[in-house]
Amino acid sequence: MRERWRAIGVLAVALFAVNVVARLVTRFGFDGDDTAADRVSLGMFVVIGLVLAAVAFVWGRRRPVAAWGADMAAAVGIALLLTVLVGPLLVGENPFGGGAGTFFAQIWLYLAATGIGVLLGYLLLTALGLDHRSQSLKRYAELRATKPRRIVRR
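Right, let's walk through the structure included here. (Residues numbered from 1 in each chain as written. Predicted model: local features only at pLDDT ≥ 70, side-chain atom pairs only at ≥ 80, totals over all residues. Heavy atoms only, no water.)

As a further point, take the pattern of salt bridges. Scanning all chains against the criterion turns up three salt bridges. Among the ionic pairs, R6 bridges to E3, the shortest N-O distance being 2.8 Å. With R6 and E3 both in helix 1 (residues 2–29), this residue pair falls three residues apart, about one helical turn. Accessibility expressed as a relative area gives 46% for R6, which makes it partly exposed. A relative accessible area of 54% means that E3 is categorised as exposed. As a salt-bridge pair, D71 and R4 come within 2.7 Å of each other at their nearest N and O atoms. (Salt bridge = Lys/Arg side-chain N within 4 Å of Asp/Glu carboxyl O. Helix = DSSP H or I, 4+ residues; strand = E, 2+ residues; numbered from the N terminus. Buried < 20%, exposed > 50% of the residue type's maximum accessible area, 1.4 Å probe, protein only.)

Below, the discussion takes up helix 3 (residues 65–90). Compared with an ideal rise of 1.5 Å per residue, which puts 26 residues at 38 Å, helix 3 spans 35 Å between its outermost C-alpha atoms and is within 8% of the ideal. Along its length, helix 3 reaches its greatest deviation from straightness, about 40°, at T83. Taken together, the buried positions of helix 3 are occupied by W68, D71, M72, A75, V76, A79, L80, T83, V84, G87 and P88. Its buried side turned inward, helix 3 meets helix 1, helix 2 (34–62) and helix 4 (100–127). (Expected span 1.5 Å × (residues − 1). Bend = angle between axes of the 7 residues up to and from the residue. Contact = heavy atoms within 4.5 Å.)

Mapped onto the elements of the fold, T26 is located in helix 1. In this structure the side chain of T26 is engaged in a polar contact, spanning 2.9 Å, whose partner is the backbone oxygen of A22. For T26, the contacting residues outside a window of four places in its chain are D31, A37 and V40. (Polar contact = N/O pair within 3.5 Å; in protein donor to acceptor, adjacent residues only side chain to side chain.)

This is the structure:
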């Protein structure tokens, strides 16, 4: 159980770190340039999606969807809270400074990026037949395909 929470925490911190780096790049590199800030934000969402696609691919090989899906949802939820509430404070902004529209837009964009990333990783894994369920069915079919030894009675 401890290893499971450690994996969730590491993933949440990694996702939050991507956001912090994007905020710092925007703050110190492109302060006041909205177009550049939008591009950095888009890049951040792409990186977050790719990280989650890779994690879904790796975790999906080892465990059933119900197990790793819950872990991934917990990590994304923690990272989302940190990103929306703590992230702006790190660069000297108010989390609610842009108004309710901006606040909820951040949440929806974050959830869309994470959802697309997880979906792409799992779909690729399933298409290659490497997911936990496909491998279990493959082992079952191989076990049933072998004929048992026939005992000859005299």
